[in-house]
Each structure stands twice: as C-alpha cells, then as structure tokens.
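Coordinate inspection notes
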Amino acid sequence: MDIEPSLVGSAERFKLDHELELHEFEDKFVIKSLQSPNQGFWISRRDGNINFLDDETCSGSPSRTSTIYGVVGTIRLVVGTYVVVITSCKEVGSFLGYPVYRVMSMRVLACNDALKFSTGQEKKDEAYFMTLLNIVESTPGLYYSYETDITLNLQRRNKLVEGWMSKPLWKQADPRYVWNRHLSEELIECKLDRFIVPIIQGMVLSFQVAELKLKDSHAMVTLVSRRCNRRLGTRMWRRGANLEGDAANFIETEQLLETEGFRSSFLQVRGSIPLLWEQIVDLSYKPHLSVIKHEQTPLVVERHFSDLSQRYGEIIAIDLTEKHGEEGQLSAAYAAEMKNVPNVRYVPFDFHGHCKDSNFDNLEILYDQISEDAEKQRYFLIDREGNVQEEQRGVIRSNCVDSLDRTNVTQCYLAQKALNLQLQRIGVLSPSECISMFDEEYGKYRALWAEQGDEISLEYTGTHALKGDIVRYGKQTIFGMIKDGMSALSRYYLNNFHDGIRQASSFDALDLISGHYTVNRNSLSPIGQNGFDPFSFLPVTSALIIGGLTATTLTVQQVGRNVHQYVSTAICAGITAGVMAILKANGRQFCSRPRLCGLL
C-alpha cells in the first residue's frame, strides 16, 4: 500500500475497493469485491438482514449482475429495509495527492417483500419515505475518496497518532461532516469496514482547485468547505442555533496551498448567529425576524463558542449584520450575549453601512481592526521534509444573516490576506509582493472563491450567491446586478412556496438519512401532521386576485358611462382587496413548510 510519510510514518494506509459486483437474486442482493471475490455480504430482500458470504450464497444464476462503486449504507423504514449504492462516479481532482471522486448516480435497492402484508396507512407512509429515498438517488455534490479521509483539515491530520491511517476510513473521519454516517451504522455493526465509504455532501464540501503560476513557481490552491450535518435545512427554516449550540449553515472552509514542496492550510468558519431566533416565511419579501426569548440562550451561546475554542483555539467573531431595523435588533442581542463569553473577541462590522455604493475596499477598515489578532493566529505550514513550521492557533468566525453573500466576500478578502502571508513566508513572493499583482492568476483565485460561494448558496437557498461578481471581479457589474436581482426573486419564491417542498423532497430526505428523523412504526404518520396544504388554496386565491385586478381595470375604463359601472368597479376592487387582505393576514399558512423535524 501507498504511504503518506509526513503523517503516518511506516504504517500502511487503509484503502477501499474501487469496484464492487452486485448480484441480484429473487430473494437477496449479493455485494462482493471484484479484487477479492471472497469478501462481501448479502442482504435478504424479505427482511433486510445482512449476512456474510458463504459457499451457498451465490449458488444459482442472478437475474442481473452489475458493477457498483461503493455502498452508501442502509436504512430501515416503516416496513422494509433499503440499500443505497453508487452506480457511477467521476474523478474530479485530488486532496493532498489522493484521488477524490464525485458521486454521479446512485440506486436504492428495496428489501421490502413484507410490504404486501402491511396496513393501508403503513403502505402510504412507506411510499412517502420511499419518495424521499428516490430523491436521495439524485442528490448532487457528494464527494469521497477510496484512499484517504477528506473530513479532517491538514492541521488535524498532522496531529494523528502513528498508525491512525491504517484504521478503516469511517473510524478516521469526523462524524459531523460525514453525510452518510447514519446510513453506515448497520454496516459498522456488522464490521464490514472495507465496504463503508465516508461521503461528504456538496453542502459539506465544495471541492474547487486552481493551479497558479507565480513568477517561477507553480502553486495549487484547493478550497474545501465542509458543512456540519448537525443542523441542516433551508435558510428560512433553519436559523440560529439549537439548544445544543449547533448553528445552522455552519461550514469550515479550508484553503490549502501546495507549492515548492510546502503544504499550508488556512481555516475559517461561518455559521448562523448562535442565538435562538427565527424568520418564518409569510409571503412578504423580507419576513419578520424575531429573537426567541429563552432561559437557555446564554448556555446555547456558551456551548457554541466552547466547542469552537476546543477545536480551533482563539476565536474572532465577526458580525457583518446591519445595525438598524430588525437585523440591528438581532445584532444587538448577539452583542449583549457575547459580553458574557470569555476568550472570544466579538467584532461588529456593518457590511452594508461601510461598503455601500460598492466601496468594498472599505473591508480594509475591518482588517485594520483585527489584523494584529488575526496575524497572531497564523496558519498551518509544513516544509519539504514534513516538519511543522507554523501552526494555526485560532480561527475567524464570520456571519451575516444568511452567512452567505456578505460572508463570502469577507472570507475571500481574509483568505487573500492569509495567502499573501503564506507565499511570502515560503519565499514565492517577496515581502512587497502580493497575489493581486498577477492579474491572470489573481482572476483564477477569485473565481475559485466565487464558485465555492455559489455552491454553498445553492445548497442553502436554491440560488447562486449574491455579490458573486464582487468576489470574482472585485466590483459590482451591471450583469452582476441583474443576476443578483434574479437570484433575489428566486429566493423569494423558494422561501415562500418551495422551501417546504424542498424540505420534503431534499432536506426532509436529509433529515431522514442523517438520523435527525427516525422512522417509528408506532408513531403518528408524518403525512397527516401538516393537514393544511397551501397549494390547494393558493391557485384559487391567486386567480381571484388577478381576475379582480383585471376586472377592476376594465370597469374603471367604463366608469364615466353610468352609475352601474361605479358599483361594478367598487365590487371588483373590494373583492380583490379582501382576498389580498386574507392572503396577507394568513401568509404563514399559505407558505409550504417542513414535515419531519421542528425548527429547533
């Protein structure tokens, strides 16, 4: 086996099989290694039980034989058990020299022969959960490696004890970033280590690589964004933190630099403001934002930052929210709680206030405030011989309301500052040089961050990131303004009418496969928990409003002819206004919402 000398000494690395063979029989599915045909297991199609291969397992002729590229895991629903396998993949790059693959397609194998003996409600519930699993088949942005764990950043990997990389990959991985951790539990119990593939979802990893040529040196920059799986969901339905202190949209972003035999890493994190707060969609463009008063709020904030401090060291918390309106109230509540959090520097910076009229160079004001502490935190650096030259001793945590657009711009700016320091430290650049002096390479670098921001935003909001042209070009462009306008309108539609459907179709599926929601045969049906279907009434109300406005317009044109036209106009306008008032007053009920898990 190959060896990673700088990290594991003489220990052999654990590697998974690249290809597996799937045999489909009438009563079972058989999965075995192509490299080692005697290694494998089979699953009963009747009860979903997993068994090891024996001499009689493969007797007879399967109805179908195919090649698969990994087992994602298994899940038990109301009646049946289902196995998710990778049917195609694509090599998309490397992580510290090891190939990384993207899942291109998956298939769900049903072991539910017992379904024929179930009640009508059980069949209905099973069909609903199967719909969610079918959506899992087309989940985008899933990454994995057969040869190394991609959930740990470079600094954490370097501190692993000798022999750690000889352990199965699932044991090496950080469970908070493993998309299929819950699905793997039964395989883990059966000790099928060589068939357990830790997968990171696109919400967790934005795998982007740029090769740069700086003077006489070649450099490779890789961005790895790992989304924590503890508080998943869409932006309006997953805000703030839960009672355990886990923040929504929490992402660790690692900027990896490889050049001249050196490897360097710079970490940043982002996440929703770690208070208990909500912003329930109600058909308005900007829904009401409210902080939930709860006696455990101080504990929630303390738990969040205590966890960060244990993992990263010193924390600089940058708050990019506005300081007026409802956003200002949220920021003020955050600032008040941060006064009681020890060993964390809280830095409020009104991004929109300082950078209005596209004055994004004013981010230098923010950097001037934190530069001394930020540069003390340093970055991680290993030389050609594998010796540690620098260690990162803290992390900058950034947030806005969504922790997307303003945060993307700010994190790109801070990462660029760190990259200059790294390249100067290695000797690629002189102390007076910076990457922005190399136009073509600088463009590649900024594009890298813009693409990463888009991918993170697509998973959380369903649209591309706003202010992407600022990250990409350093200024707001006409095309960027038009694109931002379209994305803003798309977010409005998704927030109000589609997020619940997305939650039911993709994030409800994520809640299911990540174990946040556990199927219980004796519990109430989730299908009946949301009896009001907004889409049953919304088309009718929309038609009444459009029809009323049209009729009012037509009758107004005839108003001068006789008194009856005045009456007709008044009636049409009254009906239209009444329907609009009802729609506005009951906006929350007309908006789709998640079915499986609560907001906290």
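Not measured: the values here are computed from a predicted model.

A word on the overall build of the chain
- Looking only at helices and strands, the chain features 16 helices and 20 strands.
- Buried residues in the chain amount to 55% of all 600 residues.
- Considering only contacts within the chain whose residues lie at least 6 apart along the sequence, 69% involve residues at least 24 apart.

Brief notes about the packing of aromatic side chains
- Applying the stated criterion across every chain, the model contains 9 aromatic pairs.
- Between Tyr101 and Tyr146, the ring centres sit 5.1 Å apart and the planes meet at 65 degrees, which makes this aromatic pair edge-to-face. Residue Tyr101 is found in strand β8 (residues 98-111), and its partner Tyr146 is found in the loop between β9 (143-144) and α3 (154-158); the two are separated by 45 residues along the sequence. Across the pair, Tyr146 and Tyr101 agree in class, each one buried.
- Taking 6.4 Å as the distance between ring centres and 70 degrees as the angle between the ring planes, the aromatic pair formed by Tyr367 and Tyr413 counts as edge-to-face. Taken together, the residues span a long stretch of sequence, with Tyr367 in helix α9 (residues 363-377) and Tyr413 in helix α10 (residues 405-426) at a distance of 46 residues.
- Its relative accessible area of 9% is what places Tyr367 among the buried residues.
- The class of Tyr413 is buried, set by a relative accessible area of 17%.
- Each residue in the set Tyr101, Tyr144 and Tyr146 is aromatic and connected to the rest through ring pairs, giving one cluster.
- The side chain of Lys28 reaches across the aromatic face of Phe25, ending 4.8 Å from its centre.

Focus on the pairing of strand β16 (residues 314-319)
- Where burial is concerned, most of β16 is hidden: 5 out of the 6 residues are buried.
- As judged from the 6 bridges shared by β16 and strand β20 (residues 394-399), these two strands associate in the parallel manner. Counterpart to Ile316 in the pairing with β20 is Ile396.
- The sheet contact formed by β16 and strand β17 (residues 344-348) spans 5 bridges and is parallel. Across the sheet, Ile318 pairs through a bridge with Val347, a residue of β17.

Thoughts on the packing of α9 against α10
- Where α9 meets α10, the closest approach of the two axes is 12 Å, and the angle between their N-to-C directions is 50 degrees. Classified by the angle their axes make, α9 and α10 are oblique. Here α9 runs over α10; the crossing is right-handed. Along the contact surface, α9 presents Leu363, Glu364, Leu366, Tyr367, Ile370 and Glu375, while α10 presents Val409, Thr410, Tyr413, Leu414, Lys417 and Leu421.
- A class-by-class count of the residues in the contact of α9 with α10 yields 8 nonpolar, 1 polar and 3 charged.

Topic: empty space enclosed by the protein
- Counting across every chain of the model gives 5 cavities of 30 Å³ or more.
- Of the voids in this model, the largest cavity is the one considered here, and its volume is about 120 Å³.
- As for the largest cavity, its lining consists of Phe266, Tyr367, Ala374, Glu375, Gln377, Arg378, Tyr379, Ile396, Leu414, Lys417, Ala418 and Leu421.
- Elements that contribute at least two residues to the lining of the largest cavity include exactly α9 and α10.
- Within the lining of the largest cavity, the residues separate by chemical class into 8 nonpolar, 1 polar and 3 charged.

Points about the nonpolar core
- Among the nonpolar cores identified, the biggest contains 35 residues, and Phe129, Trp179 and Leu512 are the most heavily contacted of them.
- Going through the elements one at a time, β6 (71-76), β7 (81-95), β8, α2 (120-136) and α13 (478-513) are the ones with two or more residues in this core.
- When residues of this core are assigned to their parent elements, the largest contribution, 5 residues, is made by α2.
- Filtering out sequence-adjacent residues up to four positions away, Trp179 remains in contact with Val72, Met106, Val136, Thr139, Leu142, Ile199, Ile200, Gln201, Leu510 and Ile513.
- If you look at the next biggest cluster of nonpolar residues, it comprises 24 residues, including Leu214, Leu257, Leu429 and Tyr442.

So, the packing of helix α6 (residues 297-312) against helix α7 (residues 325-338)
- At a closest axis distance of 10 Å, the pairing of α6 and α7 adopts a crossing angle of 75 degrees. If you check the angle between α6 and α7, you find them roughly perpendicular. Touching Thr297, Pro298, Val301 and Phe305 of α6 are Tyr334, Glu337 and Met338, all from α7.
- Of the residues that constitute the contact of α6 with α7, the class distribution is 5 nonpolar, 1 polar and 1 charged.

Brief notes about the sheet that holds β6
- Strand order in the open sheet made by the 4 strands is β6-β7-β8-β9, with antiparallel pairing throughout. At either end of the open sheet lies a strand with only one pairing partner, and these are β6 and β9.
- Note: β8 against β9, 2 bridges, orientation antiparallel. Considered in β9, the bridge of Arg102 is made with Tyr143.

What about the pattern of salt bridges?
- With the rule as written, the count across this model stands at 27 salt bridges.
- Put simply, Arg176 and Asp307 hold a salt bridge, and the shortest N to O gap is 3.4 Å. On the criterion of sequence distance, the pair formed by Arg176 in the loop between α4 (169-172) and α5 (185-189) and Asp307 in helix α6 is long-range, its members being 131 residues apart.
- Lys376 is the partner of Glu372 in a salt bridge, and the nearest nitrogen-oxygen pair spans 3.7 Å.

Focus on unusual backbone geometry
- Even without being a glycine, Lys191 presents a positive backbone phi close to 60 degrees.
- Along the chain, Lys191 falls in the loop between α5 and β10 (208-214).
- Judged by its relative accessible area of 67%, Lys191 is exposed.
- The residue Ser403 is not glycine, and still its phi comes out positive at about 55 degrees.
- For Ser403, the location among the structural elements is in the loop between β20 and α10.

Concerning the side chain of Asn420
- Along the chain, Asn420 turns up in helix α10.
- Taking the relative accessible area as the measure of exposure, Asn420 reaches 10% and is therefore buried.

Basis of the calculations
Residues numbered from 1 in each chain as written. Predicted model: local features only at pLDDT ≥ 70, side-chain atom pairs only at ≥ 80, totals over all residues. Heavy atoms only, no water. Helix = DSSP H or I, 4+ residues; strand = E, 2+ residues; numbered from the N terminus. Buried < 20%, exposed > 50% of the residue type's maximum accessible area, 1.4 Å probe, protein only. Contact = heavy atoms within 4.5 Å. Phe/Tyr/Trp six-rings, centres within 6.5 Å; stacked < 30°, edge-to-face > 60°. Lys NZ or Arg CZ within 6 Å of the ring centre and 35° of its normal. Pairing = 2+ DSSP bridges. Axes fitted to C-alpha atoms, helices over the stretch in contact; angles between N-to-C directions. Parallel < 35°, antiparallel > 145°, perpendicular 65-115°, else oblique. Left-handed = near helix turned anticlockwise from the far one by under 90°. Nonpolar A, V, L, I, M, F, W, Y, C, P; charged D, E, K, R; others polar. 1 Å grid on protein atoms, 1.4 Å probe; cavity = no way out; pocket = protein on both sides within 12 Å on 5 of 7 lines; lining within 4 Å. Points joined across faces, edges and corners; volume = space filled by probe spheres on them. Core = buried A, V, L, I, M, F, W, Y, C linked by side-chain atoms within 4.5 Å. Salt bridge = Lys/Arg side-chain N within 4 Å of Asp/Glu carboxyl O.

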